[in-house]
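Architecture and fold: a report
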Amino acid sequence: MPENKRIEKRIIAVLTDFGTGSWYPGVMKGVILGINPEAVVIDLCHDISHGDISEGGFVLGASFNYFPPGTVFLCVVDPGVGGDRKNIIVQTEDYLFVAPDNGLITRVCERSRIEGIFSVKQGRVAEKRRGATFLGRDLFAPLAAHLSLGVNPDEIGESIPSILTIPREEPFINKNNEISGRVVHVDTFGNIITNISADYLRELFGGTIPRKECVIKAAGRETKGLKRYYAEGETGELIALENSWGYIEIAVNGGSAYEYLGYEDKESIEVYLFSLRLPDKGVK
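Residues numbered from 1 in each chain as written. Predicted model: local features only at pLDDT ≥ 70, side-chain atom pairs only at ≥ 80, totals over all residues. Heavy atoms only, no water.

Comments concerning the side chain of N243
For clarity, the cut-off: Elements are defined by DSSP. Helices are runs of H or I of four residues or more, strands are runs of E of two residues or more, and each kind is numbered from the N terminus. Definition of a polar contact: a pair of N or O atoms within 3.5 Å, with one able to donate and the other able to accept a hydrogen when the atoms are protein atoms, and with sequence-neighbouring residues admitted only if both atoms are side-chain atoms. It only takes one pair of heavy atoms within 4.5 Å for two residues to be counted as in contact.
Residue placement: N243 occurs in the loop between β14 (238-242) and β15 (247-252). Looking at N243, its side chain comes within polar contact range of the side chain of E249, at 3.0 Å. Here N243 is in contact with I193 and E249, once residues within four sequence places are set aside.

Following this line, the structure appears as structure tokens:
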């Protein structure tokens with residue numbers, strides 16, 4: 001591996017569902033810095049919904065290519081911790097990912113050229129395990145730290161041909177000739193990010209989205225038009241817009257759309273988009 005790559009790999013970006021109020025991420029950082037004191041550890045996100053592999057994969061897939069080449073991603077959303085599934089290192093043309101083999105890396109695989117996949121176990125680079133409930137501390141953090149020092153994945157893992165991937169839940173046109181979508185993430189502002197991408201709409205509408213004609217419905221409420229930024233809506237107004245990640249988002253200017261719509265969990269959120277120009281393709 002080129003020497004400059006070894007230097008760049010001092011960046012470790014951490015994604016977990018532990019929560020920002022938890023001491024677990026801090027312990028993982030302590031393990032990393034004990035192995036590589038020069039590591040630059042970045043908190044990508046610790047507020048993934050507990051055990052939600054799909055949400056964690058969405059946030060990771062939307063974020064990773066904004067980091068410098070050589071970054072090591074330490075990803076722990078692991079409802080099956082301590083079980084029989086593999087623990088893996090995935091090497092792409094620019095990055096390394098350390099994670100449980102549970103589908104968390106699916107979106108990365110869709111967007112990257114995979115150069116190697118390695119199954120890893122407790123070994124010379126891992127902390128002595130105290131129980132089986134915190135592999136983030138005992139296995140994944142030491143792996144990420146050693147990778148950041150330039151250790152090659154094939155020195156600490158066994159090459160395997162593939163990993164577990166999970167299907168993407170795509171929007172579709174339902175029997176009412178509406179685009180039916182689901183939530184993929186609710187951010188800390190209460191903005192509801194859906195799986196309806198702007199690219200999907202452009203393809204559906206033949207290149208140009210009829211922004212003013214679109215009606216978006218959720219929780220029995222509706223808003224007309226797709227805004228371009230939050231302040232296009234009145235303060236306290238429910239709006240929909242294309243966000244900077246390229247997805248349709250429901251928001252409230254100066255407030256929380258999640259609270260405004262009265263949701264208690266994101267799994268129950270269904271979003272519908274309708275336009276008079278929508279092709280008649282209802283199939284479900």
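Focus on the pairing of strand β2 (residues 40-45)
Rules: At least two bridges found by DSSP between two strands is the condition for calling them paired. Whether a crossover is right-handed comes down to one check: with the strands pointing away from the viewer, does the path from the first strand over the helix to the second run clockwise; if it does, it is right-handed.
The pairing of strand β1 (residues 11-16) with β2 spans 5 bridges and is classified as parallel. Bridging across to β2, I12 finds its partner in V41. In this region the chain leaves β1, passes through helix α2 (residues 24-35) and returns to the parallel neighbour β2; the handedness of that crossover is right-handed.

Examining unusual backbone geometry
Within the chain, N177 stands out as a residue other than glycine whose phi angle is a positive 60°. Here N177 is to be found in the loop between β8 (172-173) and β9 (179-186). In this model, A219 sits at a positive phi of 55°, which is unusual for a non-glycine residue. For A219, the position within the fold is in the loop between β11 (215-218) and β12 (221-224).

Brief notes about the packing of aromatic side chains
This is how the line gets drawn: The rule is short: rings of Phe, Tyr and Trp, with Trp giving its six-membered ring, pair when the centres are within 6.5 Å, and they are stacked under 30 degrees, edge-to-face over 60, tilted in between.
All told, the structure shown has 13 aromatic pairs when counted by the stated rule. Relative to F134, the ring of F18 lies with its centre 6.0 Å away and its plane at 85°, an arrangement referred to as edge-to-face. Of this pair, F18 sits in the loop between β1 and α2 while F134 sits in the loop between β6 (114-120) and α5 (135-148), and the two are 116 residues apart along the sequence. Between F58 and Y247, the aromatic rings sit 5.3 Å apart at their centres with planes inclined by 75°, giving edge-to-face as the arrangement. Here Y247 lies in strand β15 and F58 lies in helix α3 (residues 53-63), a separation of 189 residues in the sequence.

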